[in-house]
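Fold and contact review
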Amino acid sequence: MAALYDMQLKPGLLDSMTYPSPTTGDRVGTSFLQPHTKDDLAKRTAMMKAWADFSGGIMGRTADYLNSSIMAMAAASEFFGREGRDYASNIRRYYEHVRENDLVLTHTLINPQTNRSVGPSKQADPFIAARVVEKTSEGVVIRGARMLATLPVADEILVFPSTVIRSGQDDIPYSIAFALPVSAKGLKFICRESFASDSYFDHPLASRFDEQDAVVIFDDVLVPWDRVFILEDPEKANRVNEATDAVVFMAHQATVRETAKAEFVAGLVTLVAETIGVEQFPQVQERITDILLTVETMKAFIVASEANAKVNRWGLMTPDYVPINSARNLWPKLAPRFAEVLKQVGASGLMAIPPGKIMKSEAKPDVEKYYQAKSADGEDRIRLFKLAWDAAGSAFGGRQDLYERFFFGDPVRMASAYYAWYNKEPYKERVRALLHREA
Ligand SMILES: Cc1cc2nc3c(=O)[nH]c(=O)nc-3n(C[C@H](O)[C@H](O)[C@H](O)COP(=O)(O)OP(=O)(O)OC[C@H]3O[C@@H](n4cnc5c(N)ncnc54)[C@H](O)[C@@H]3O)c2cc1C
């Protein structure tokens, strides 16, 4: 994380990674840049790609993901309204606060996976899912839990709605959006077991890039009024991501990150194949080609979205959502192939990965002789195959696979939403015309 922030200040990168703040003139991170031209969009993309390449796209929740979201929401601040309380100013001021201090955000959108067949108010206890308990002169008190927040090692947490809130009175206390420091009184994170390790050799990815995931518990947490963005308003809660175009800018960041990951896996699996001399076999080439096609597909989505970008109703130059939403829906189908191809190509080599300390033991000569490969000595071959295993099969690799399937929502419901949203009419019309055509 620190290295990512240091990168912003590197000579030669400062101009692309930062821009002068419109309020202070200080240099601030490019992921906060509100784009007004296609050049601004290209600048955002270059910045996001530089961060994504640092981890080979493995880190899904570098700060540019949520910075993109609050950047878009601040531009669309009027959506949040000023009736009663000035939520529009709250979101704008919050964005400026995060931008000027270069804060790292985590976020949580969904209710605990208790009983998905009924809504939050119909669970065994109506305070399992986080909700409003009371409103005081100081703010709103929240009780209950949310899952899941990746990167709890953050400065602040955003709590936003994602699943549809039914309009019934009972579910109204769950339609909330707010932000808090992670150190807020009564806020707790219950983390999963860490996959991190102190050995770059044994766990090349987990040792560097475990972002951690946590269930978030609100034990009567006070959210000050100036940190509230939506309160007891199911209609706004259900529309916020689309109406503000936050979803477009988040998905744009995700597509750039996914491109970096596809490129990284393409490099990794090609090296694995070449190291053991299997790159000549047609089925190996076919499998690796699947990954190369994924690289080019994701790149094409970005190019198309930026070429057809338009100024949205809030004044932001916005990537075309058609290719971006297509990328968002296709990715959970393409990404699981990464682990599959790495396993198909690496085969038993993925288990010929003794602990790094063997290189300092009496077994070293055996390793040098029996682990050597066509184009690597024993030690380098083990390093490469450990990397492949950490990407495809270790606890960390398994979590990577799960993340890519679900991080942007449930692919099944996303596909239904895509089906309803996509303009299929011109294609149907062409078929109807053919049916009635004489020639
Ligand atoms: C590694 C990882 C990191 C994550 N990080 C974050 C994060 O930082 N912040 C955040 O907010 N979220 C995060 N998520 C959560 C992510 O948003 C959810 O996984 C996603 O929205 C799906 O919800 P769910 O996991 O609760 O699955 P569920 O909704 O419980 O679904 C479980 C299964 O039931 C099916 N199903 C459930 N309900 C329906 C329905 N109504 N119609 C049809 N099928 C249904 C689904 O298709 C799925 O197969 C993360 C998830 C993972 C795996």
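Since we're looking at a predicted model, the values are computed, not measured.

By size, the foremost hydrophobic cluster in this structure holds 114 residues, and its most contacted members are Phe80, Ile142, Phe160, Phe218 and Phe408. Residues contacting Phe80, with those up to four places away along its chain left out, are Met73, Tyr87, Ala88, Ile91, Phe160, Phe229, Ile230, Lys236, Val240 and Thr244.

Our next topic: the layout of surface pockets. Gaps left between atoms are located by rolling a probe of water-molecule size over the structure's atoms. Counted as a void, the second largest pocket has a volume near 210 Å³. Per-element accounting of the lining of the second largest pocket gives the leading share, four residues, to helix α6 (residues 206–209). Across the lining of the second largest pocket, the residue classes break down as nine nonpolar, one polar and three charged.

Okay, the sheet that holds strand β6 (residues 156–159) next. Ordered by their spatial adjacency, four strands build an open sheet running β3-β6-β7-β10, and the pairing between neighbours is mixed. Of all strands in the sheet, those with a lone pairing partner are β3 (105–108) and β10 (228–231), marking the two edges. In this sheet, adjacent strand axes meet at a mean angle of 20° when their direction is disregarded. Two strands pair when backbone bridges link them, and β6 and strand β7 (residues 176–181) are joined in this way by four bridges, in the antiparallel orientation. Paired with Leu158 across the two strands is Ala179, which belongs to β7. Along the sheet, helix α5 (residues 87–101) makes contact with β3, β6, β7 and β10, crossing β10 at roughly 145°.

Now for helix α9 (residues 282–307). The end-to-end C-alpha distance of α9 is 36 Å, a good match for the 38 Å that 26 residues give at a rise of 1.5 Å each. Considering only its buried residues, α9 is in contact with α3 (38–54), α8 (246–275), α10 (321–334) and α11 (336–346).

Further remarks concern the site of the ligand. Surrounding the ligand, one finds 19 residues, the nearest of these being Arg61, Leu109, Arg116, Leu148 and Arg413. In this structure, Asp410 approaches the ligand through a side-chain N or O atom, which is 2.8 Å from an oxygen atom. Between the ligand and the protein, one listed contact pairs an oxygen atom with a side-chain N or O atom of Arg413 at 2.7 Å. For the ligand, the protein covers 73% of the area, taking 950 Å² as the surface of the free molecule. If you list the elements that add at least two residues to the shell around the ligand, you get β3, β5 (139–150), α14 (395–406) and α15 (411–421). At four residues, α14 tops the list of elements feeding residues into the shell around the ligand. Partitioned by chemical class, the residues of the shell around the ligand number eight nonpolar, five polar and six charged.

It is worth spelling out the side chain of Lys236 at this point. Tracing the backbone through its elements, the reader meets Lys236 in helix α7 (residues 234–243). The class for Lys236 is buried, based on a relative accessible area of 13%. What Lys236 contacts, discounting residues up to four positions off in sequence, is Phe79, Phe80, Gly81, Glu83 and Ile230.

A few words on empty space enclosed by the protein. Here the structure, examined in full by the defined rule, presents two cavities of 30 Å³ or more. Put simply, the largest cavity is a space of about 100 Å³. Forming the walls of the largest cavity are Lys261, Val265, Ala335, Pro336, Phe338, Ala339, Ala391, Gln400, Asp401 and Glu404. Elements represented by at least two residues in the lining of the largest cavity include exactly α8, α11 and α14. Here the residues of the lining of the largest cavity sort into six nonpolar, one polar and three charged. If you add up the space inside the second largest cavity, you get close to 40 Å³. Residue lining of the second largest cavity: Glu258, Arg328, Trp331, Pro332, Glu404, Arg405, Phe406, Phe407, Phe408 and Gly409, and that is the complete set.

Further remarks concern the pattern of salt bridges. Going through the model one piece at a time under the given rule, you end up with 30 salt bridges. The shortest N-O distance in the salt bridge between Asp290 and Arg337 comes to 2.7 Å. Of this pair, Asp290 sits in helix α9 while Arg337 sits in helix α11, and the two are 47 residues apart along the sequence. Using a relative accessible area of 23% as the deciding quantity, one classes Arg337 as partly exposed. Where Arg337 meets Glu340, a salt bridge forms, and the shortest distance between an N and an O atom there is 2.8 Å.

Residue position: Ser394 is located in the loop between α13 (378–392) and α14. Among the residues examined, Ser394 registers a relative accessible area of 13% and is labelled buried. Only 2.7 Å separates the side chain of Ser394 from the side chain of Asp390, close enough to count as a polar contact.

Taken as a whole, this structure holds 17 aromatic pairs when the rule is applied. Here the aromatic rings of Trp421 and Tyr422 are separated by 6.3 Å at their centres, their planes lie at 75°, and the arrangement is edge-to-face. By relative accessible area, which is 37% here, Trp421 ends up partly exposed. Residues Tyr422 and Tyr427 carry aromatic rings whose centres are separated by 6.1 Å and whose planes lie at 35° to one another, so their mutual orientation is tilted. By relative accessible area, Tyr422 is classed as partly exposed at 24%. Classification of Tyr427 as partly exposed rests on a relative accessible area of 42%. Linked through ring pairs, Tyr321, Tyr418, Trp421, Tyr422 and Tyr427 together constitute an aromatic cluster. Lying over the aromatic face of Phe127, Arg131 brings its terminal NZ or CZ to 4.4 Å of the ring centre. Over the ring of Phe407 we find Arg257; its NZ or CZ atom is 5.3 Å from the centre of that ring.

Cut-off values and rules
Residues numbered from 1 in each chain as written. Predicted model: local features only at pLDDT ≥ 70, side-chain atom pairs only at ≥ 80, totals over all residues. Heavy atoms only, no water. Core = buried A, V, L, I, M, F, W, Y, C linked by side-chain atoms within 4.5 Å. Buried < 20%, exposed > 50% of the residue type's maximum accessible area, 1.4 Å probe, protein only. Contact = heavy atoms within 4.5 Å. 1 Å grid on protein atoms, 1.4 Å probe; cavity = no way out; pocket = protein on both sides within 12 Å on 5 of 7 lines; lining within 4 Å. Points joined across faces, edges and corners; volume = space filled by probe spheres on them. Helix = DSSP H or I, 4+ residues; strand = E, 2+ residues; numbered from the N terminus. Nonpolar A, V, L, I, M, F, W, Y, C, P; charged D, E, K, R; others polar. Pairing = 2+ DSSP bridges. Axes fitted to C-alpha atoms, helices over the stretch in contact; angles between N-to-C directions. Expected span 1.5 Å × (residues − 1). Near = heavy atom within 4 Å. Polar contact = N/O pair within 3.5 Å; in protein donor to acceptor, adjacent residues only side chain to side chain. Areas by Shrake-Rupley, 256 points an atom, 1.4 Å probe, with all protein chains shown as cover. Salt bridge = Lys/Arg side-chain N within 4 Å of Asp/Glu carboxyl O. Phe/Tyr/Trp six-rings, centres within 6.5 Å; stacked < 30°, edge-to-face > 60°. Lys NZ or Arg CZ within 6 Å of the ring centre and 35° of its normal.

Distances and angles like these do not, on their own, reveal function.
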